[in-house]
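As a plain string of letters, each chain reads:
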Amino acid sequence: MEGGKTREIMKVELICVGTELLLGSIVNTNAAYLAEKCAGLGLSCYFQTVVGDNEERLSEVLRTAMGRSDIVILSGGLGPTEDDLTKETAAKVCGRALEVHEPSKKAIEKFFSDRGLEPTDNNWKQAVIPEGAIILDNHNGTAPGAILETEKAKVILLPGPPGELKPMFEESVVPYLAALTSQVICSQTVKICGVGESKAETMVKDLIGGQSNPTIATYAKTGEVHIRVTANAGDRKSAMKLIKPMVKELKNRFGNNIYTTEEETTLEKSVVDLALANKLTITCAESCTGGMLSARLVNVPGISEVYKNGVVTYANKAKRRLLGVKKSTLQKYGAVSEKTAEEMAKGAAVMFKADVAAAVTGIAGPEGGTAEKPVGLVYIACRVKGKTTVRRYQFSGNRNKVRESAVAAALALMRECILVYYSKVTFGKGES
């Protein structure tokens, strides 16, 4: 149905299989990837489960999932070893026999032949498929995926390695899921910086409460909040027409704190794009972040046009010698202070003849904090064409989280200061 009317949203459930996931030996990135992709397809995901390589427990989890969800996606356990039980367990639960799939067997032969290797006997286990399954070709490994269509649910089996799972999902599963409905599902992401997660959620609480089609969902990132607007309609043009008014409303509420509505644009890219548009050069002077800010910027193609030099001045002597921070400033205010951050930014701008200079100094922890200056205290300065702005932040989390938060805040401040300098725009005050 179109014109803003709702349809019943299909429910998807994720089951990630592998004892190594339960032990923490590897990070479960598949769950995050699949959840994000399913949300983008307009599927509701209410449950995710991680289960070890145990037939009894996997059977229990799969039966439960099939009883409450329309689609169940399993990742992992399709390999050649004895503890790879996903395919065999799914076949039993779905009442299917196992049979050799000749095209998959030939694909395995070719995979090893192309590499000058001989397959071992257990490799042929991967060519044994539940009867009646839709086969998902694996162009990056030896384990094919499969889809089992049952009266209760559609069960999708994917290999565990992300390098195999992701392309298989994009190539085969996305078209399959899209074909389950006559509706086209489209999404657009509104990316926000300078506003904390709790405040952003409060600002759209009424929209979430009254949503139907389109729907909106908030996602917290380090130093950012993303709001995804998703609509379903008979065609892409109609879906995007439903999305447009919601995006416009979000722009009205968040204003210049929205740095992009393009999926591929990152916060650092938005800063680089601003610098390129205004023919600005950029430099960074970093203490507690140790070059992380520069690294984020250097990730952006075209950065060589604007970023020429940067400096890490961790010790006070380096701050004095390289950036000209006054000895009296360090003695009176300390290395972690508004005044030191200001002088670091000024020194970097002068030293490298840069139009924009960002400076970061703080206490990342876990030690070094005091009652007056606790762990997580960070001062960030940004100097644009001689005008310097300094902000105080109090971040939480471990050492790495504090540093990552400081980098995100520095990028947001750089973007804000450039915009303010050139257009005198105003920004909502977020949470630091």
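You'll find the structure just up there.
Residues numbered from 1 in each chain as written. Predicted model: local features only at pLDDT ≥ 70, side-chain atom pairs only at ≥ 80, totals over all residues. Heavy atoms only, no water.

Moving on: the side chain of Ser104. Position of Ser104 relative to the elements: it lies in helix α5 (residues 102-114). Within the structure, the side chain of Ser104 is placed 2.7 Å from the side chain of His101, a separation counted as a polar contact. When near neighbours in sequence (up to four residues on either side) are disregarded, Ser104 contacts Ala127, Ile135 and Pro144. (Helix = DSSP H or I, 4+ residues; strand = E, 2+ residues; numbered from the N terminus. Polar contact = N/O pair within 3.5 Å; in protein donor to acceptor, adjacent residues only side chain to side chain. Contact = heavy atoms within 4.5 Å.)

Turning next to the sheet that holds strand β6 (residues 134-136). If you walk across this open sheet you meet the six strands as β2-β1-β3-β8-β7-β6, and the pairing is mixed. At either end of the open sheet lies a strand with only one pairing partner, and these are β2 (44-51) and β6. Strand-to-strand twist across the sheet, computed as the mean angle between neighbouring axes with direction ignored, equals 15°. Judged from the seven bridges that link them, strand β1 (residues 11-17) and β2 form a sheet pairing that is parallel. Looking across to β2, one finds that Val12 is bridged to Cys45. (Pairing = 2+ DSSP bridges. Axes fitted to C-alpha atoms, helices over the stretch in contact; angles between N-to-C directions.)

Turning our eyes to something else, we now look at the sheet that holds strand β17 (residues 387-394). With mixed pairing, five strands are arranged side by side in an open sheet as β14-β13-β15-β16-β17. The two strands at the open ends of the sheet, each matched to only one other strand, are β14 (311-312) and β17. Where strand β15 (residues 356-362) lies against strand β16 (residues 377-384), seven bridges are found, and the strand directions are antiparallel. Counterpart to Ala357 in the pairing with β16 is Arg383. Of the strands in this sheet, β13 (282-286), β15, β16 and β17 touch helix α15 (residues 399-423), which is tilted by about 30° from β16.

Before going further, it helps to examine the pattern of salt bridges. Summed over all chains, the structure comprises 13 salt bridges. Taking the shortest distance from any N to any O, the salt bridge between Lys37 and Glu170 comes out at 3.0 Å. In this pair, Lys37 is assigned in helix α2 (residues 29-40) and Glu170 in helix α6 (residues 162-178), connecting sequence segments 133 residues apart. Overall, the relative accessible area of 32% leaves Lys37 in the partly exposed class. A single salt-bridge network, built from bridges that share partners, covers Glu36, Arg228 and Glu263. (Salt bridge = Lys/Arg side-chain N within 4 Å of Asp/Glu carboxyl O. Buried < 20%, exposed > 50% of the residue type's maximum accessible area, 1.4 Å probe, protein only.)

Turning to the nonpolar core, a few remarks are in order. The biggest cluster of nonpolar side chains holds 40 residues, and the ones touching the most others in it are Ile282, Leu293, Leu297, Val356, Val360, Ile380 and Met414. Those elements giving two or more residues to this core turn out to be α10 (267-277), β13, α11 (292-298), β15, β16 and α15. Here Met414 is in contact with Val271, Ile282, Leu297, Val356, Ala358 and Cys382, once residues within four sequence places are set aside. Among the nonpolar cores identified, the runner-up in size contains 22 residues, and Ile15, Leu58, Leu62 and Ala153 belong to it. (Core = buried A, V, L, I, M, F, W, Y, C linked by side-chain atoms within 4.5 Å.)

Under the criterion given, the structure shown has four aromatic pairs. On the numbers, 5.9 Å between centres and 75° between planes, the contact of Tyr33 with Phe169 is edge-to-face. Placement of the pair is Tyr33 in helix α2 and Phe169 in helix α6, with a sequence separation of 136 residues. Neither residue differs from the other here; Tyr33 and Phe169 are each classed as buried. (Phe/Tyr/Trp six-rings, centres within 6.5 Å; stacked < 30°, edge-to-face > 60°.)

Take the pairing of strand β7 (residues 145-149) next. For a regular strand, side chains alternate in direction, first toward one face of the sheet and then toward the other. With four of five residues buried, β7 is to be regarded as a mostly interior element. Note: β7 against strand β8 (residues 154-158), four bridges, orientation antiparallel. Pairing of Glu149 across the sheet is with Lys154, part of β8. The hairpin formed by β7 and β8 contains four residues between the paired strands.

When two helices pack together, their arrangement is given by the angle between the helix axes and by the axis-to-axis distance. Contact geometry for α2 and α6: axes closest at 11 Å, N-to-C directions at 10°. When the interaxial angle is binned, α2 and α6 end up roughly parallel. Crossing handedness for the pair α2 and α6: right-handed. For the pair α2 and α6, the contacting residues are Thr29, Asn30, Tyr33, Leu34, Lys37 and Cys38 in the first and Pro162, Leu165, Lys166, Phe169 and Glu170 in the second. Per-class residue counts for the contact of α2 with α6 are six nonpolar, two polar and three charged. (Parallel < 35°, antiparallel > 145°, perpendicular 65-115°, else oblique. Left-handed = near helix turned anticlockwise from the far one by under 90°. Nonpolar A, V, L, I, M, F, W, Y, C, P; charged D, E, K, R; others polar.)

Here we come to helix α14 (residues 338-352). Look at α14: 21 Å from first C-alpha to last across 15 residues, which is about the 21 Å you get at 1.5 Å a residue. Along α14, the positions that sit buried rather than exposed are Thr340, Ala341, Glu343, Met344, Ala345, Gly347, Ala348, Ala349 and Phe352. Just downstream of α14 lies Lys353, where phi reads positive at about 50°. (Expected span 1.5 Å × (residues − 1).)

Our focus in this paragraph is the side chain of Asn30. Tracing the sequence through the fold places Asn30 in helix α2. We classify Asn30 as buried; its relative accessible area is 7%. Setting aside chain neighbours within four positions, we find Asn30 in contact with Ser75, Gly160, Pro162 and Leu165.

Moving on, we come to the environment of Gly324. Looking at the secondary structure, you find Gly324 in the loop between α12 (316-323) and α13 (327-333). In the structure, Gly324 is positioned 19 residues away from Glu343 in sequence and 7.4 Å away in space, judged by C-alpha atoms. In this structure Gly324 touches Lys319 and Glu343, once residues within four positions along its chain are discounted.

On to the pairing of β1, then. The buried count for β1 comes to six of seven residues, which makes it a mostly enclosed element. Pairing geometry for β1 and strand β3 (residues 71-75), over five bridges, is parallel. The residue bridging Ile15 from the neighbouring strand is Leu74, located in β3.

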